[in-house]
Amino acid sequence: MVPSIGTRSVVDISVREQKDISDTYEKLREAEAKLVGPDGKTEMLPNNLYSFLLRLLAEIRAGHSVTILQSNHELTTIEAGKVLGMSRQYLIQLLERGEIPFHLVGTHRRLFVRDVLAYKSKRDLVRRETLDHLARREFDKGDYNQVPDDFHTEQ
C-alpha cells in the first residue's frame, strides 16, 4: 500500500544512514559558498552573504515580495507613509513633532529608509508591550470571562 500525499509516516534510518546524513551535512556546512557566473568565473562568498542569499531565496519561494534598499536611500513622505501604514498628513505631523528625522530637498521633505524602519520597529515594539500588558492585566483580574452588567437588556 502506498501512502497518500500529505500523510506522514515514520521511516526507520539505519545507524549507517544516519552517519552518512550527518557527514553530508557537515561537509555542506564546512564547504565554501561560491557564486559561478555564466562565463564560468567563480567568486567566493562570505558566510554572512551566503546566509543572506538563502533567506532571500526562501522569502521569494514563499511568494513574498522582497525589496533591498541601502540604509541611506531617501523616501518621499508618500513612500514613507506607505511603509508605515499611515497617511501622509499624519506622517507630516510626526515629522513636525520631531519623532522621525527628515531633511529638506528644496521644499520637499525626505526621510532616510533607516530612520523610517527604526521608527516602525520602535512603534511595533511599544504596541506589542502594550498589548502584552493589557492581556496580563485582564488575566490577573480574572474577569476575562465575565459578562458586563449591561449586556443583558430587557426588551
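Look above for the structure.
First, a word on what this report is: a plain description of the structure on this page. This is a predicted model, so every value here is computed, not measured.

So, about the overall build of the chain. Within the chain, the secondary structure is distributed over five helices and five strands. Listed by position from the N terminus, the elements making up the chain come as α-β-β-α-β-α-α-β-β-α. When burial is assessed residue by residue, the chain has 14% of its 155 residues classed as buried. The long-range fraction of contacts in the chain, counting pairs at least 24 apart against all pairs at least 6 apart in sequence, stands at 41%. Surface summary for the chain: the accessible area is close to 13,700 Å², and the carbon and sulfur share equals 55%.

What follows concerns the side chain of Arg 110. As for its position among the elements, Arg 110 is in strand β5 (residues 108–112). Excluding anything up to four places from it in sequence, Arg 110 contacts Glu 74, Leu 75, Thr 76, Phe 102, His 103 and Val 105.

What follows deals with the sheet that holds strand β3 (residues 74–75). The three strands lie next to each other as β3-β5-β4, forming an open sheet whose pairing is antiparallel. Edge strands, defined here as strands with exactly one partner in the open sheet, are β3 and β4 (103–105). Sheet analysis places β4 next to β5, joined by three bridges and oriented antiparallel. From the neighbouring strand, Leu 104 faces β5, where its bridge partner is Arg 109.

Conventions we followed
Residues numbered from 1 in each chain as written. Predicted model: local features only at pLDDT ≥ 70, side-chain atom pairs only at ≥ 80, totals over all residues. Heavy atoms only, no water. Helix = DSSP H or I, 4+ residues; strand = E, 2+ residues; numbered from the N terminus. Buried < 20%, exposed > 50% of the residue type's maximum accessible area, 1.4 Å probe, protein only. Contact = heavy atoms within 4.5 Å. Areas by Shrake-Rupley, 256 points an atom, 1.4 Å probe, with all protein chains shown as cover. Pairing = 2+ DSSP bridges.

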